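Structural overview for review
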Amino acid sequence: MKTQNIVVQRILFLMLSVAVLSGCDREETLQPQSIFEQNEVESTNELDVYLKNEFRDPYGCNVIYKFVDRYIDPSKSAVPPRLDVVKPIAELIKQAWIEPYNKASDQGEEFLRTYFPAEIVLLGSPLYNGDGTITLGIADAGVRVTLTQANDYAPGNKDWIVQTFRTLHHEFAHIVDQNFNFDVEAFYDISNEDYTTPGTWTQETQNSAIARGMVTPYATSAVGEDFAETISYIVTTDPAVFQATYLTAEDCTGQGQDCIDRNAGRVRIQQKYDAVVKYMKEDVGIDLLVLRDEFLSSIN
């Protein structure tokens, strides 16, 4: 009997040990962040000190270029940016985003000190989507902006700069909207039934988007994207080019209904142009045309 009790006690001990080990493993799964990371000594390397001084200290923003897999959808993949592109891109963010906003705001630097995102995540590659499209940027709940394709940066590559900052100004427009509550319903009424059904915006062309009263095919996907695309294209497009492409009517003599539809769409784009310029000026305190001029001057 004594031997049997000892065997039972050993079995119970082993069962308890397994339960404890399983509990520890589950705890690590639920809380994957290491306790040592929280107490990690602050980096003193030149790049991290620069990012701290230029972004974290004045704007409360962490520029994140490491451990990228924590900041993307687990079903997608991306690579981190090369170290040699991080500082030049950060300098461009200051030059082509922060400084233009500081000059265009009636609050000066205080506007971005209040509304600048808490995190900017840099990814070296695009994020590939299941429908064959790529994601160029993400704005998360007003606290994080993610920029992709950092590894394509090269000094003087204006196409990359315009595309990247078009994405950035688009994502920040979402943050502005989340804080200042743009009248989406009135904006929606300008084009209403001309928005595409989910997932079909990729079938649109530039001309068909204009006919729908929108500046890009992506703008046709939802009213919020239309709002953000309108702002980003106003800011990042030479005013003469914007006028000729999106606002000035074509001569439709002999060109048929498509041309007439594009001109009708341009009338609606003008209405949206006026609406966002007025909103940004009166509700947000940002002169969008000054922002545009300062941005274009910063990259030329």
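Throughout what follows, the structure given in this document is the object of discussion. Just so you know, these numbers come straight off a predicted model, no measurement behind them. (Residues numbered from 1 in each chain as written. Predicted model: local features only at pLDDT ≥ 70, side-chain atom pairs only at ≥ 80, totals over all residues. Heavy atoms only, no water.)

So, helix 7 (residues 184-191)
The condition is simple: Each residue's exposure class comes from its accessible area (1.4 Å probe, protein chains only) as a fraction of the maximum for that residue type: buried when under 20%, exposed when over 50%, partly exposed otherwise. A helix here means a DSSP run of H or I that spans at least four residues, while a strand means a run of E at least two residues long, and both kinds are numbered starting from the N terminus. The directions from the helix axis to the C-beta atoms form the arc being described. Throughout, a contact is declared for two residues whenever any of their heavy atoms are within 4.5 Å.
Along helix 7, the residues classified as buried are F187, I190 and S191. All buried residues of helix 7 project into a common sector of 85 degrees when viewed along the axis, lining one side. In helix 7, those exposed residues whose orientation departs by more than 90 degrees from the buried face are E185 and D189. Buried residues along helix 7 sit in contact with helix 9 (223-236) and helix 11 (257-284). Downstream of helix 7 by a residue or two, N192 has a phi angle that is positive, lying close to 25 degrees.

Here we look at the packing of helix 7 against helix 9
Put simply, the rule is: With axes taken as lines fitted to C-alpha atoms, and helix axes fitted only over the stretch in contact, angles between N-to-C directions fall between 0 and 180 degrees. Should an angle fall under 35 degrees it is called roughly parallel, over 145 degrees roughly antiparallel, and 65 to 115 degrees roughly perpendicular, with every other angle called oblique. In the scheme used here, Gly and all other residues not listed as nonpolar or charged are polar, with Ala, Val, Leu, Ile, Met, Phe, Trp, Tyr, Cys and Pro taken as nonpolar and Asp, Glu, Lys and Arg as charged.
For the pair helix 7 and helix 9, interaxial distance at closest approach is 10 Å and the crossing angle is 90 degrees. The pairing of helix 7 with helix 9 is recorded here as roughly perpendicular in orientation. Where helix 7 approaches helix 9, its residues V184, F187 and Y188 are matched on the opposing element by V223, D226, F227 and T230. A per-class count over the contact of helix 7 with helix 9 returns 5 nonpolar, 1 polar and 1 charged.

Structural notes on the pattern of salt bridges
For clarity, the cut-off: By convention in these notes, a salt bridge is any Lys or Arg side-chain nitrogen within 4 Å of a carboxyl oxygen on Asp or Glu.
Under the counting rule described, the total for this entry stands at 17 salt bridges. With its nearest N and O atoms 2.6 Å apart, the salt bridge here joins E54 to K94. Residue E54 is found in helix 3 (residues 46-59), and its partner K94 is found in helix 4 (residues 83-104); the two are separated by 40 residues along the sequence. The residue K278 makes a salt bridge to E282 at a minimum N-O spacing of 3.1 Å. Taken together, the residues span about one helical turn, with K278 and E282 both in helix 11 at a distance of 4 residues. Linked through salt bridges whose partners overlap, the residues forming this network are E109, E110 and R113.

Digging into the pairing of strand 2 (residues 119-122)
Every regular strand shows the same layout, with side chains that alternate between the two sheet faces. In plain terms, the rule: One requirement defines pairing of two strands: DSSP has to find at least two bridges between them.
Taking every second residue as pointing to the same face, both faces of strand 2 are buried, with E119 and V121 on one and I120 and L122 on the other. Pairing of strand 1 (residues 62-64) with strand 2 involves 3 bridges; the strand directions are parallel. By the bridge assignment, I64 is partnered in strand 2 with V121. As paired elements, strand 2 and strand 6 (residues 144-147) share 4 bridges and run parallel to each other. What sits directly across from E119, in strand 6, is R144.

Overview of the state of the cysteines
Formally: In what follows, a disulfide is any cysteine sulfur pair within 2.5 Å.
This model, assessed by the stated rule, comprises 1 disulfide. Paired by a disulfide, C252 and C259 hold their sulfur atoms 2.0 Å apart. Residues C252 and C259 are joined through a disulfide that is left-handed, its torsion about the S-S bond being -80 degrees. Taking relative accessible area as the criterion, C252 reaches 19% and is therefore assigned buried.

Observations regarding the side chain of T230
Our working rule: Under this definition, polar contacts are N or O atom pairs within 3.5 Å; protein pairs additionally need one hydrogen-donor-capable and one acceptor-capable atom, and for neighbouring residues in sequence, both atoms have to be side-chain atoms.
Mapped onto the elements of the fold, T230 is located in helix 9. A distance of 2.7 Å separates a polar side-chain atom of T230 from the backbone oxygen of D226. When residues no more than four places from it in sequence are discounted, the contact partners of T230 are F187, V215, K272, Y273 and V276.

Structural notes on the packing of aromatic side chains
What counts, and what does not: Ring pairs are drawn from Phe, Tyr and Trp, using the six-membered ring of Trp, whenever the two centres fall within 6.5 Å, and their geometry is named by plane angle: stacked under 30 degrees, edge-to-face over 60, tilted for the rest. Any Lys NZ or Arg CZ found within 6 Å of a ring centre and within 35 degrees of that ring's normal is scored as a charge over the ring.
The final tally for this structure, using the stated rule, is 21 aromatic pairs. Ring geometry for F165 versus F295: centroids 6.2 Å apart, planes at 45 degrees, classification tilted. Highlighted residues: F165 in helix 6 (residues 158-180) and F295 in helix 12 (residues 288-299), separated in sequence by 130 residues. Neither residue differs from the other here; F165 and F295 are each classed as buried. With a centroid separation of 6.4 Å and 90 degrees between ring planes, the pair formed by Y233 and Y246 is classed as edge-to-face. With Y233 in helix 9 and Y246 in helix 10 (residues 239-247), this residue pair connects regions lying 13 residues apart in the sequence. When its relative accessible area of 15% is taken as the criterion, Y233 is described as buried. The exposure class assigned to Y246 is buried, which follows from its relative accessible area of 6%. Chaining the aromatic ring pairs together yields one cluster made of Y59, W97, Y101, F111, Y115, F116, F172 and F180. The residue whose ring lies beneath K87 is Y50, and the NZ or CZ to ring-centre distance is 4.9 Å.

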